[in-house]
Amino acid sequence: MKILNVDQIRALDQATIQHEPIAPLNLMERAAQGFVEWFAARYPNTSPIKIFCGLGNNGGDGMAIARLLLERHYTLDIYVVRYAPRESDDFMHNHRRLKLITEQVSYIELSTDIPAIRHNEIVIDAILGSGLSRPAEGIIRSTIEAINRAPATVISVDIASGLFADKPNRPDDVIIEPDHTVTFQLPKLAFVLPRNGRYVGEWHLVNIQLNKRYIDLAPTPYYYTTPHEARLLLHKRDRFSHKGTYGHALLLVGSYGKIGAAVLASRACLRSGVGLLTVQVPRCGYSVLQTAVPEAMCRPDGHQYVLTGQSEVESPAPAEYSTVGIGPGIGKAPETLAMLRELLPTLKKPIVLDADALNLLAEHRELLDILPHNSILTPHPKEFERLTQPWADDYEKLNSLQAFAKRYRVVVILKGAFTAVATPDGEVHFNSTGNPGLSTGGTGDVLTGVLTALLAQGYDSVEAAVLGVFAHGLAGDRAADQRGPIGMVASDVIDALRWD
Ligand SMILES: NC(=O)C1=CN([C@@H]2O[C@H](COP(=O)(O)OP(=O)(O)OC[C@H]3O[C@@H](n4cnc5c(N)ncnc54)[C@H](O)[C@@H]3O)[C@@H](O)[C@H]2O)[C@@H](O)CC1
Ligand SMILES: Nc1ncnc2c1ncn2[C@@H]1O[C@H](COP(=O)(O)OP(=O)(O)O)[C@@H](O)[C@H]1O
Ligand SMILES: [K+]
């Protein structure tokens, strides 16, 4: 699913109005109906509601929503924040229609007009929408502050008032802090960026049948992976396949005290469909791995405690495997750095790099230039910062992510809520699965195993990254259903992996 910017959203409205064709007012009615259906499915009409409307089209949506809720017999106090003399045409029209069925519309011009809001109330925020052109000031600001102070449930229409949809706010901007945002058709870039978490809450899409052709043609680097899109990426298994069909992966993982990372990555790799798996661990990990993961072959490293790349047993060179996954638990010993230096130039196919492999790249940047093209790097934000430099805001971080993936021709998976997969072509795919239960040691090792298995099976790097991140997050969601987000551990995520 595409993520469009504000100009494109405005043009999309216009395209819908022209080509469907539909009158602007009817499109607003459709949006309001969509919101009200979402709302009515969750909140019974016993909860008292206060709705705050601005004077633009977001306020117009609010006026229409108020009328539709009154028709459904909700108890409603309606407020218009009169911050300017100008009103949009569709606001005016819906204001007039509302006044035909109720006299009870209050106007907020001064702080003293702002009502007290009680804890059992629901606030609907329709003050400012995607037309925000400057930070909220004056009476809008005071109203937003009052809503944020109130102990009520807050639901924003389209986007929290005061939040820019596709560019950074200043740190001291006043913005609604909703519990939910109900937005129309497509997500906004602001919704998937970490620093906006409290200005978005849980967000929900309401389909209002905006022009499909415009959406299909609109250029954008930003995408949001839907379950349907992820499923389309999945390769089917051939009836006459054998284990050779699904690749032979090599994992270079673990060091003394971190053999658990090796076990987790290996198990996840096997649970993600790899044909054969060989794992190289330092000698101290040999019996652990052979016992904990009997399905994997193990080649013990020549070193007792860290990886050096030297193997005690006769075995093929890493380049002969379908792919290599390297990083979980390896540490940063000089011998391991030497291994990386020797290994990288010999590899011609994309590989997966995670954890201390990334930290070694950050400390020895010349290695970045010899990464096999289309390799997958899986930094969490701290690791990514080491690879680049600190950023002032999420938009700067996003630019730096795109630039990095392009410059080194790699796929970068920046992990976290709405994990961002940046491609060498400059696209970014935000993931839709996962939950805070995944914020626990070892879940990143699981992701490395998953991705290594997908590359070994012949998925191209972008598909492997988008699908792998989706499936990993979905497994995390299943694990959270079973164990709760607090009790779940990385092994539960492996057990919950499913590929159908
Ligand atoms: N496809 C869609 O997304 C649809 C959008 N609709 C609604 O239309 C909204 C966008 O409407 P508008 O473009 O009128 O935008 P707004 O409702 O955000 O209103 C912006 C108006 O307020 C002014 N303004 C902007 N920032 C201000 C500030 N800080 N202080 C004071 N005034 C400020 C602007 O100059 C403009 O006149 C959407 O958010 C959505 O609610 C729906 O009605 C129909 C479909
Ligand atoms: N709040 C969250 N919401 C969704 N996914 C999360 C969240 N926190 C962490 N994750 C996911 O959990 C994994 C954590 O990886 P990482 O930080 O490398 O942990 P570790 O190295 O301990 O295994 C990543 O896939 C990340 O996207
Ligand atoms: K709003």
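Residues numbered from 1 in each chain as written. Chains lettered and ligands numbered in written order. Predicted model: local features only at pLDDT ≥ 70, side-chain atom pairs only at ≥ 80, totals over all residues. Heavy atoms only, no water.

By the naming in an unreviewed UniProt entry, the protein chain goes by Bifunctional NAD(P)H-hydrate repair enzyme and is assigned to Fibrisoma limi BUZ 3. Entered under Subunit (unreviewed entry) in the UniProt record, the comment concerning the protein chain runs "Homotetramer." (UniProt positions renumbered as here; feature names shortened; annotations may be inferred.)

Undergrad: I'm lost on the overall build of the protein chain in this one. Help?
TA: Across its full length, the protein chain holds 17 helices and 17 strands. Each of the three principal axes of the protein chain carries a C-alpha extent, and together these read 85 × 45 × 40 Å. Relative to its 500 residues, the protein chain shows a buried fraction of 57%. Excluding contacts between residues fewer than 6 apart, the proportion of contacts in the protein chain whose partners are at least 24 apart in sequence is 72%. (Helix = DSSP H or I, 4+ residues; strand = E, 2+ residues; numbered from the N terminus. Buried < 20%, exposed > 50% of the residue type's maximum accessible area, 1.4 Å probe, protein only. Contact = heavy atoms within 4.5 Å.)

Undergrad: Mind showing me how you'd approach the site of ligand 2 here?
TA: Taken together, 16 residues lie near ligand 2, and Lys-415, Gly-416, Thr-419, Ser-439 and Gly-444 sit nearest. Measuring from a nitrogen atom of ligand 2, one finds a backbone N or O atom of Asn-435 at 3.4 Å. Within the backbone of Gly-442, an N or O atom sits 3.1 Å from an oxygen atom of ligand 2. For ligand 2, the protein covers 79% of the area, taking 580 Å² as the surface of the free molecule. Among the elements that make up the shell around ligand 2, the one with the highest residue count is helix H15 (residues 443-456) (three residues). Of the residues in the shell around ligand 2, the class split is three nonpolar, 11 polar and two charged. (Near = heavy atom within 4 Å. Polar contact = N/O pair within 3.5 Å; in protein donor to acceptor, adjacent residues only side chain to side chain. Areas by Shrake-Rupley, 256 points an atom, 1.4 Å probe, with all protein chains shown as cover. Nonpolar A, V, L, I, M, F, W, Y, C, P; charged D, E, K, R; others polar.)

Undergrad: Help me out: how do you make sense of the environment of Leu-264 in this one?
TA: The topology assignment puts Leu-264 in helix H9 (residues 259-270). As a C-alpha pair, Leu-264 and Tyr-199 span 65 residues in sequence and 35 Å in three-dimensional space. Contacts of Leu-264, omitting those with residues within four sequence positions, involve Gly-442, Asp-445, Val-446, Ala-490, Ser-491 and Ile-494.

Undergrad: Would you take a moment to explain the state of the cysteines for this structure?
TA: Note: disulfide means a covalent bond formed between the sulfur atoms of two cysteine side chains. Counted according to the given criterion, the structure contains zero disulfides. We note that Cys-269 lacks a disulfide partner, and the nearest cysteine sulfur, in Cys-298, lies 14 Å from it. (Disulfide = S-S within 2.5 Å.)

Undergrad: Hey, could you run me through the coordination of the potassium ion (ligand 3) in this one?
TA: Ideal coordination angles are 109.5 degrees for a metal with four donors arranged tetrahedrally and 90 or 180 degrees for a metal with six donors arranged octahedrally. Asn-58 (OD1), Asp-125 (O), Leu-128 (O), Val-157 (O), Ile-159 (O) and Ser-161 (OG) make up the full set of protein donors to the potassium ion (ligand 3), lying at 2.6 to 3.2 Å. With six donor atoms in place around the potassium ion (ligand 3) and angles of 66 to 176° between them, the coordination shape is irregular. The sequence pattern describing where the donors of the potassium ion (ligand 3) fall on their chain is N-x66-D-x2-L-x28-V-x1-I-x1-S. Residue Asn-58 is located in helix H3 (residues 57-71), and its partner Val-157 is located in strand S5 (residues 153-157); the two are separated by 99 residues in the primary sequence. Each of the two residues, Asn-58 as well as Val-157, counts as buried. (Donors = N, O, S within 2.8 Å, 3.2 Å for Na, K, Ca; no water. Tetrahedral: all angles 85-135°; square planar, octahedral: opposite > 155°, others 65-115°.)

Undergrad: Sorry if this is basic, but what is going on with the site of ligand 1 here?
TA: Asp-13, Asp-61, Gly-129, Arg-134 and Asp-158 are the nearest of the 23 residues found near ligand 1. Between ligand 1 and Ser-130 there is a distance of 2.9 Å, counted from an oxygen atom to a backbone nitrogen or oxygen. Contact with the protein chains removes 85% of the 870 Å² of surface that ligand 1 exposes when unbound. Contributing elements (two or more residues each) for the shell around ligand 1: helix H1 (6-19) and H3. Tallying contributions element by element places H3 first for the shell around ligand 1, with three residues. Classifying every residue of the shell around ligand 1 gives 11 nonpolar, seven polar and five charged.

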